[in-house]
Each structure stands twice: as structure tokens, then as C-alpha cells.
Number of protein chains: 2
Amino acid sequence: MDRMNTAPTSADPGEPHWLTDEEQRVWRAYIDATTLLEDHLDRQLQRDAGMPHVYYGLLVKLADAPERRLRMTELAMSAKITRSRLSHAVARLEKSGWVRREDCPSDKRGQFAVLTDEGLEMLARHAPGHVHAVRQAVFDRLTPEQQKSLGEIMRIVAEGLQPSEAGADLPWLR
Amino acid sequence: MDRMNTAPTSADPGEPHWLTDEEQRVWRAYIDATTLLEDHLDRQLQRDAGMPHVYYGLLVKLADAPERRLRMTELAMSAKITRSRLSHAVARLEKSGWVRREDCPSDKRGQFAVLTDEGLEMLARHAPGHVHAVRQAVFDRLTPEQQKSLGEIMRIVAEGLQPSEAGADLPWLR
DNA sequence: TGGTGGAAGTTGAGGATTCAAGTACACGAG
DNA sequence: CTCGTGTACTTGAATCCTCAACTTCCACCA
């Protein structure tokens with residue numbers, strides 16, 4: 001892959017503008033690290049707690065919520081996943097007994113996902129192992145400055161993708 | 001599910017040792033950013049090029065390799081995925097015509113994954129859009145210092161998980 | 001009131017991923 | 001030469017995720 005030309009195709013903005021060598025090194029390091037880490041955590045939780053990392057994250061969010069319950073849409077947004085994915089996930093977590101659905105009294109379309117007692121207990125049982133894995137893979141290896149820097153960087157990236165990332169680049173709104 | 005070695009779960013450390021509030025904020029920012037970014041890139045490539053981000057990454061690695069070919073195991077290691085996953089992936093990419101398999105002459109068990117001409121052309125066609133997406137989501141938002149920092153951090157994390165990550169936390173080696 | 005557009009959530013089909021097995025070959029020791 | 005162990009890769013089933021409908025219900029307004 002070598003190319004410095006300026007192919008048009010107005011669909012894509014401006015000229016190619018490739019990544020520099022240094023940027024490529026950063027990007028590959030990012031891909032490698034995130035791939036390895038997600039895989040590592042998935043395996044750890046699958047083995048110990050019998051569920052993928054995302055599912056575990058859902059339970060944690062429920063545990064932190066008032067009444068240990070959240071509306072489906074809230075939970076989905078909080079976890080940055082689609083409602084569809086959440087729907088499937090909750091169905092599975094319900095079968096495992098860690099989550100229960102409840103109708104929302106004020107909105108008949110609404111559903112609450114509620115963390116069950118078994119779910120909470122399961123979290124208590126496996127949280128230490130998970131925290132250990134995270135610590136070992138990430139925090140134990142970084143200096144305090146790097147940890148701070150990582151937080152800032154990730155916040156910036158997340159915010160850029162988060163809000164109405166659609167609206168931001170819709171021509172007629174500019 | 002097998003259960004050997006039910007010793008006092010040597011995997012779990014002594015006392016919990018939770019994340020501090022600040023560490024939790026960093027960790028959540030990381031999860032949010034990586035989830036959103038992966039999703040964003042997957043969608044972009046699925047829409048434009050008809051394949052998930054990982055598959056695209058495989059093609060890029062082949063394009064960068066001498067002869068545009070790599071042994072299956074090499075490719076899998078380079079992309080940080082399992083051989084099984086790669087096997088399925090290459091089967092799919094083969095059906096789409098972007099990749100072709102070739103027997104290895106020196107080792108009859110071996111297979112090469114080879115990027116086809118259509119695969120290369122496809123990359124040329126969609127690379128600008130992909131680079132643009134990456135740039136827009138990441139590099140355009142970070143200062144040069146942050147980019148450098150990100151690279152260092154990700155390299156550290158990747159290296160910690162990469163090598164014989166198993167051996168590193170095997171009790172009898174400590 | 002009754003109609004309409006949108007919000008909340010679910011569903012099913014098709015892809016993608018994982019895990020455990022399985023096939024085929026390589027290679028060194030006897 | 002052949003046995004045993006390990007490597008390279010594939011396969012199938014179960015699970016998970018995405019995408020595009022689809023159902024039900026809310027909110028608003030004329």
C-alpha cells in the first residue's frame with residue numbers, strides 16, 4: 001500500500017490524507033491492545049462467571065443503579081449498545097437467573113431490567129477476580145500520569161462518538 | 001465444563017483491592033470509547049465495504065506482506081485472533097473473492113492466505129473512507145502529545161497481554 | 001375523538017465468534 | 001521404519017451480534 005495521490009470521489013471528504021508512519025504505529029498499537037484486552041477479559045469472565053464481558057458490564061450497571069433497576073433504553077445507552085442487542089442479552093441473563101424484567105407502571109411500553117439477588121451475589125463472587133484481571137492488564141502497568149492521560153484521551157474519543165454524532169455531520173444542520 | 005485444581009482459587013488474589021474512584025472513571029471511559037469506536041468503524045466498513053473491521057484489517061495485513069500472502073498462523077498471530085476465527089474469516093473472504101488460499105509447498109499442512117487483485121482493488125477503493133473515519137474519530141481530536149501518549153500506553157498494555165501471558169501469571173513461576 | 005408520527009422494546013434471520021474435536025502432516029527418538 | 005508427540009488448520013454446534021421489520025403504546029394536535 002503506497003500512494004500519495006489525491007483521488008477525488010467527493011463522497012469521501014477531501015484528499016486521502018493517509019496516516020503518517022507514527023500515526024500508523026499508534027493505531028496498530030491501539031488495535032492490538034484493545035483486541036487482546038477484550039479477548040482476555042472475555043475469556044476470564046466466560047471461564048469464571050459464565051458470561052462475556054459485556055454482559056458482566058450490564059450487571060454492574062444495574063447493581064449501581066437505584067433499586068438495582070434500569071429502563072431498557074437507559075441501560076442500552078449507558079452501555080453504549082443497541083436496544084436490540086440489549087434485548088437479546090437480557091433474555092439470556094434472564095434465563096440464567098441474574099436479571100428479571102418488570103413492566104413499567106407509568107409507560108406500558110416500558111420495561112425495567114432488574115438485577116436479581118442471585119445476580120448480585122454472582123457479582124460479589126466474581127468481582128474480585130475481574131478487578132484483578134483489569135488491574136493486572138492495565139493499571140498495574142501504567143504510571144499515574146499515564147493513567148490520567150488514558151482517561152483524558154478515552155473521554156475525548158468517547159465524547160466525539162457519543163452524542164448525536166449523526167447530527168454533527170449532517171450538512172443541512174451546519 | 002471441567003473443574004480441576006479447586007485449590008483456594010489461586011487465580012483470585014487475596015483481598016479485593018478495588019479500583020479507586022479515579023481508576024473507575026478511567027476504566028469506564030476506556031470501555032465507552034472502545035465500544036463506541038469499534039462499533040463506529042464496524043458500521044462504516046460494513047456499510048461501505050461490506051465487511052466488519054476485523055476482516056478489513058486482515059486484508060490490510062495481507063496487502064502489506066511480501067507477495068501479498070501470509071501463512072494462516074502468521075496472519076492470526078499478527079491480527080491477534082485465534083486460528084479458528086481466522087479460518088472462518090478467510091472462508092468468508094474467499095467467498096467474496098478478496099482472498100484466495102494456496103497450499104504451502106514446503107509444509108503440506110500449511111496454507112497461505114493470498115490477497116487477490118479484487119481484494120487489493122477493494123482496499124484501494126475504501127481505504128480513504130476508512131482512514132478518514134479513524135482520523136475523524138481519533139487523531140483529529142488529540143494533541144500530538146496525547147497521540148504519543150496513547151501509543152506508549154497501548155504498546156504497554158498489548159505487550160503485557162501478548163507474549164506468554166499465560167506463563168506470566170502461572171504461580172509456580174513466580 | 002381520531003389520526004399521525006415517533007418512542008420502547010422485541011423478534012427472526014443471517015453473520016460472526018468461541019470452544020471443543022477432529023484431520024492431516026511433521027519430526028525426533030528409538 | 002514407526003511410534004509418539006506436537007503443529008497447522010478446519011469443522012460443527014452453540015452463542016452472540018446486526019439489521020431490518022414489527023408490535024404496542026405515548027403524545028400531540030386538529
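Each value, and the rule that gives it
Residues numbered from 1 in each chain as written. Chains lettered and ligands numbered in written order. Predicted model: local features only at pLDDT ≥ 70, side-chain atom pairs only at ≥ 80, totals over all residues. Heavy atoms only, no water. Helix = DSSP H or I, 4+ residues; strand = E, 2+ residues; numbered from the N terminus. Buried < 20%, exposed > 50% of the residue type's maximum accessible area, 1.4 Å probe, protein only. Contact = heavy atoms within 4.5 Å. Areas by Shrake-Rupley, 256 points an atom, 1.4 Å probe, with all protein chains shown as cover. Near = heavy atom within 4 Å. Polar contact = N/O pair within 3.5 Å; in protein donor to acceptor, adjacent residues only side chain to side chain. Nonpolar A, V, L, I, M, F, W, Y, C, P; charged D, E, K, R; others polar. Pairing = 2+ DSSP bridges. Axes fitted to C-alpha atoms, helices over the stretch in contact; angles between N-to-C directions. Least-squares fit on C-alpha atoms with pLDDT ≥ 70 in both. Core = buried A, V, L, I, M, F, W, Y, C linked by side-chain atoms within 4.5 Å.

Visitor: Hey, could you go over the overall build of chain A for me, with residue numbers and the actual values?
Guide: Regarding its fold elements, chain A presents 7 helices and 3 strands. Helices (α) and strands (β) of chain A occur, in sequence order from the N terminus, as α-α-β-α-α-β-β-α-α-α. Counting over 174 residues, chain A shows a buried share of 42%. In chain A, 48% of the contacts between residues at least 6 apart in sequence involve partners at least 24 apart. Element-wise, carbon and sulfur atoms account for 53% of the exposed surface of chain A, whose accessible area totals about 9,900 Å².

Visitor: Break down the protein's contact with DNA strand D for me, with residues and values.
Guide: In the vicinity of DNA strand D, 22 residues are found, and the nearest of them are Ser84 of chain A together with Arg43, Thr73, Arg101 and Arg109 of chain B. For DNA strand D, the fraction of atoms within 4 Å of the protein that belong to sugar or phosphate moieties is 67%. One of the side-chain N or O atoms of Arg85 of chain A is found 2.7 Å from a phosphate oxygen in DNA strand D. In this structure, Lys108 of chain A approaches DNA strand D through a main-chain N or O atom, which is 3.2 Å from a phosphate oxygen. Counting only elements with at least two residues in the surface near DNA strand D, the list comes to helix H4 (83-95) of chain A together with helix H1 (21-49), helix H3 (72-79) and helix H4 (83-96) of chain B. Its residues assigned to classes, the surface near DNA strand D comprises 3 nonpolar, 8 polar and 11 charged.

Visitor: So what's going on with the sheet that holds strand E1 (residues 69-71) of chain A? Residues and values would help.
Guide: Residues and elements named next belong to chain A. With respect to topology, 3 strands assemble into an open sheet ordered E1-E3-E2, the strand pairing being antiparallel. On the outer flanks of this sheet lie E1 and strand E2 (99-103), each paired with one strand and no other. Neighbour-to-neighbour, the strand axes of the sheet open up by a mean angle of 30°, direction not taken into account. Where E2 lies against strand E3 (residues 111-115), 5 bridges are found, and the strand directions are antiparallel. Across the sheet, Glu102 pairs through a bridge with Phe112, a residue of E3.

Visitor: Go over the protein's contact with DNA strand C with me, naming the residues and quoting the values.
Guide: Residues in contact with DNA strand C amount to 22 residues; listed here are only the nearest, Arg43, Thr73 and Arg101 of chain A together with Ser84 and Arg85 of chain B. Sugar plus phosphate: this is where 68% of the atoms of DNA strand C within 4 Å of the protein reside. Counting residues per element, the ones that place at least two in the surface near DNA strand C are helix H1 (21-49), helix H3 (72-79) and H4 of chain A together with H4 of chain B. By residue class, the composition of the surface near DNA strand C is 3 nonpolar, 8 polar and 11 charged.

Visitor: With reference to specific residues and values, describe the relation of the copies chain B and chain A.
Guide: Laying chain B over chain A is done by rotating through 180° and shifting 0.0 Å along the axis; what remains is an RMSD of 0.0 Å. Viewed as a symmetry operation, the transformation between the two copies matches a two-fold axis. Same-surface contact between copies: 92% of interface residues of chain B are shared with the interface of chain A.

Visitor: Quick rundown of the nonpolar core? Include the residues and the values.
Guide: Membership of the largest hydrophobic core comes to 44 residues, with the highest contact counts inside it found for Trp27, Leu37 and Met154 of chain A together with Trp27, Leu37 and Met154 of chain B. The set of elements that each furnish at least two residues to this core consists of H1, helix H5 (117-137) and helix H6 (144-161) of chain A together with H1, helix H5 (117-137) and helix H6 (144-161) of chain B. Judged by nonpolar contacts, the second largest core, of 27 residues, contains Leu62, Ala76, Ala89 and Ala113 of chain B.

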